[in-house]
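Listed below, chain by chain, are the residues.
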Amino acid sequence: MTALKNDTFLRALLKQPVERTPVWMMRQAGRYLPEYRKVREEAGSFINLCTHPELACEVTLQPLRRFAFDAAILFSDILTIPDAMGLGLSFSEGEGPQFARPITSAADIHNLGIPDPETDLRYVIDAVRLIRRELNGSVPLIGFSGSPWTLATYMVEGGGSKSFRKVKALMYEQPALMHVLLEKLAESVAAYLNAQIAAGAQAVMVFDTWGGMLTTEDYREFSLAYASRVAALLQTEVNGQRIPTILFTKGGGLWLETMTEAGYDALGLDWQTDIGLARARVGDKVALQGNMDPVALYAKPDIIAEKVKTILEKYGAGSGHVFNLGHGILPDINPEHVGAMVEAVHRFSPAYHRP
Ligand code: CP3
């Protein structure tokens, strides 16, 4: 494998010294880019992009041709695992993900198998291998998965949800059964991430998009416990190199202290959390990733630059910060505004890393 030319992102996650703050963006490959819309149009559907490694590779690389991002993220989706478990994933325009066979009974849960990534999710692992080769050492590749709790919400609801009434009913009424489901998902997620690491992913991120919908005690029991279980099962050393891990819980700002105990190198922050206060709360235990409001990218470039400056200033001096949005970029953002954000991180951040 070619040596990595830019490892700023990996060093920041491990709180090692850097010359400037690294930057990438959640959903950096996606509909805000005309070149993405073109490939998606030709492919016919989002799922076709995910299942054809050469297309997944192409759209992964697109944002890196435009912007000086410090990491690439595998183009895929968190719902590949439930799909491989047999739930039948589809995306309908404007309605988001849907499962043909959601979980509706105890038998459905007991019958779920743990997918073998190298066979059942071969297209993802092949995409990782291809992207690593095509990146040719320019920047590190991030692998990812949904958290067990977040995957369970989609599997029980059958798609997106506002109230999470079905999955919460299962959790409140049959907690032991919910634990069976979450344990299977934790094993599946760990096997999936380990296969991505073996195929070349140089950092991994767990998306707990819906952990923030839980009460404090339920968050610990049903979300964080299984994110920790995943971390404990990960093979995070490859050829003597540490593979850094990131846990992102949207709405998790209240629980940062407990999250530092989950076994991850870094925590992703949504935009509601003050990154300066967050740093004071987590201390030296973890790095932080985030956390500009994705909606701020609608503002004019000079205002975007000011917002970037505020976040860098709040985090303050020293390593351990990866600049990102607080959630995924929205589909109708002007790509030039993304350029303004990246440029501002490059312009303002070296001041915080002088020895
Ligand atoms: O960050 C990246 O660039 C990598 C790719 C990535 C996608 N989905 C591509 C995608 C990642 C990391 C995800 C994760 C994901 N998928 C999450 C967790 C992250 C988060 O946003 O909190 C969730 C909850 C999903 C499930 C999912 N997939 C939803 C809710 C949707 C949106 C449906 C819609 O129409 O907006 C998707 C589809 C999806 N995943 C798209 C992309 C680029 C849009 C597909 C398209 O229409 O082109």
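(A) View of the overall build of the chain. A count of helices and strands for the chain gives 16 helices and eleven strands. For 355 residues, the compact-globule formula gives about 20 Å, and the C-alpha radius of gyration of the chain, at 19 Å, lands near that figure. Seen through its principal axes, the chain has C-alpha atoms that stretch 60 × 45 × 45 Å. The burial tally for the chain puts 50% of its 355 residues in the buried class.

(B) Structural detail: helix α12 (residues 216–233). Compared with the 26 Å implied by 1.5 Å per residue over 18 residues, the 24 Å span of α12 between its first and last C-alpha is a close match. Taking the largest bend as the criterion, α12 deviates by roughly 35°, centred on L224. Of the positions making up α12, those classed as buried are Y219, F222, S223, L224, Y226, A227, V230 and A231. Where α12 is buried, its residues meet α9 (148–157), α10 (165–173), α11 (175–199), β5 (203–208), β8 (245–249) and α13 (256–259).

(C) Inspection of the pairing of strand β2 (residues 89–92) at higher detail. The pairing of β2 with strand β3 (residues 96–99) spans four bridges and is antiparallel. Note on β3: the bridge partner recorded for S92 is G96. Where β2 hands over to β3, the hairpin turn is made up of three residues, of which G94 adopts a positive phi near 80°.

(D) Molecular detail of the pairing of strand β10 (residues 287–292). The buried fraction of β10 amounts to six of the six residues, a majority that puts the element mostly inside the structure. Judged from the three bridges that link them, strand β9 (residues 266–268) and β10 form a sheet pairing that is parallel. Looking at β10, one finds that L267 is bridged to L288. In terms of handedness, the path from β9 via helix α14 (residues 275–282) over to β10 forms a crossover that is right-handed. Relative to strand β11 (residues 321–325), β10 is paired through five bridges, and the arrangement is parallel.

(E) Spotlight on helix α5 (residues 80–87). For α5, the buried fraction is high: seven of the eight residues fall into the buried class. Along α5, the positions that sit buried rather than exposed are T80, I81, P82, D83, A84, M85 and L87.

(F) Structural detail: the environment of R27. Of note, R27 is situated in the loop between α1 (8–13) and α2 (34–43). Look at R27 and you get partly exposed, because 17 C-beta atoms sit within 10 Å. Taking the C-alpha atoms as reference points, R27 and F75, 48 residues apart in sequence, are found 8.7 Å from one another. Excluding its chain neighbours within four sequence positions, the residues that come into contact with R27 are G328 and I329.

(G) Region of interest: the sheet that holds β11. Judged by pairing direction, the sheet is parallel, and its seven strands sit side by side in the order β1-β4-β5-β8-β9-β10-β11 without closing on themselves. Unpaired on one side and paired on the other, β1 (72–73) and β11 mark the two borders of the sheet. Taken strand by strand, α12 contacts β5 and β8, and its axis lies near 165° from that of β5.

(H) Region of the structure containing the confidence of the model for the chain. For the chain, the mean per-residue pLDDT works out to 97, and 100% of the residues sit at or above 70. Interface predicted TM-score (ipTM) for the complex: 0.91; the corresponding pTM is 0.97.

(I) Local environment of the nonpolar core. In terms of nonpolar packing, the biggest core is built from 117 residues, with L74 and I142 touching the most fellow members. At 13 residues, the largest contribution of residues to this core is made by α11.

(J) Looking closely at the packing of α2 against helix α4 (residues 53–66). Where α2 meets α4, the axes come as close as 10 Å, and the angle between the chain directions of the two elements is 170°. It follows that α2 is roughly antiparallel to α4 by the angle criterion. In this structure, α2 uses E35, Y36, V39 and A43 to contact α4, whose residues at the interface are L55, E58, V59 and Q62. For the contact of α2 with α4, the per-class residue count stands at five nonpolar, one polar and two charged.

(K) Region of interest: unusual backbone geometry. With an omega dihedral of -10°, the bond running from G290 to N291 counts as a cis peptide bond. One non-glycine residue, N136, lies in positive phi territory at about 55°. With respect to the secondary-structure elements, N136 resides in the loop between α8 (122–135) and β4 (141–146). On the basis of neighbour count, N136 is assigned to the exposed category, with 10 C-beta atoms found within 10 Å. A positive phi angle, close to 50°, is found at N239, a residue other than glycine. Residue placement: N239 occurs in the loop between β6 (237–238) and β7 (241–242).

(L) Highlighting the environment of A296. Inspection of the secondary structure assignment puts A296 in the loop between β10 and α15 (301–315). Owing to 19 C-beta atoms within 10 Å, A296 belongs among the partly exposed residues under this scheme. Along the chain, A296 and V308 lie twelve residues apart, while their C-alpha atoms are 9.8 Å from each other. Not counting chain neighbours up to four residues away, the residues in contact with A296 comprise I304 and K307.

Basis of the calculations
Residues numbered from 1 in each chain as written. Predicted model: local features only at pLDDT ≥ 70, side-chain atom pairs only at ≥ 80, totals over all residues. Helix = DSSP H or I, 4+ residues; strand = E, 2+ residues; numbered from the N terminus. Rg over C-alpha atoms; globule rule 2.2 N^0.38 Å. Buried ≥ 20, exposed ≤ 12 C-beta atoms within 10 Å, placed from the backbone. Expected span 1.5 Å × (residues − 1). Bend = angle between axes of the 7 residues up to and from the residue. Contact = placed C-beta atoms within 7 Å. Pairing = 2+ DSSP bridges. Right-handed = clockwise from strand over helix to strand, strands pointing away. Axes fitted to C-alpha atoms, helices over the stretch in contact; angles between N-to-C directions. pLDDT = per-residue confidence, 0-100. Core = buried A, V, L, I, M, F, W, Y, C linked by C-beta atoms within 7 Å. Parallel < 35°, antiparallel > 145°, perpendicular 65-115°, else oblique. Nonpolar A, V, L, I, M, F, W, Y, C, P; charged D, E, K, R; others polar.

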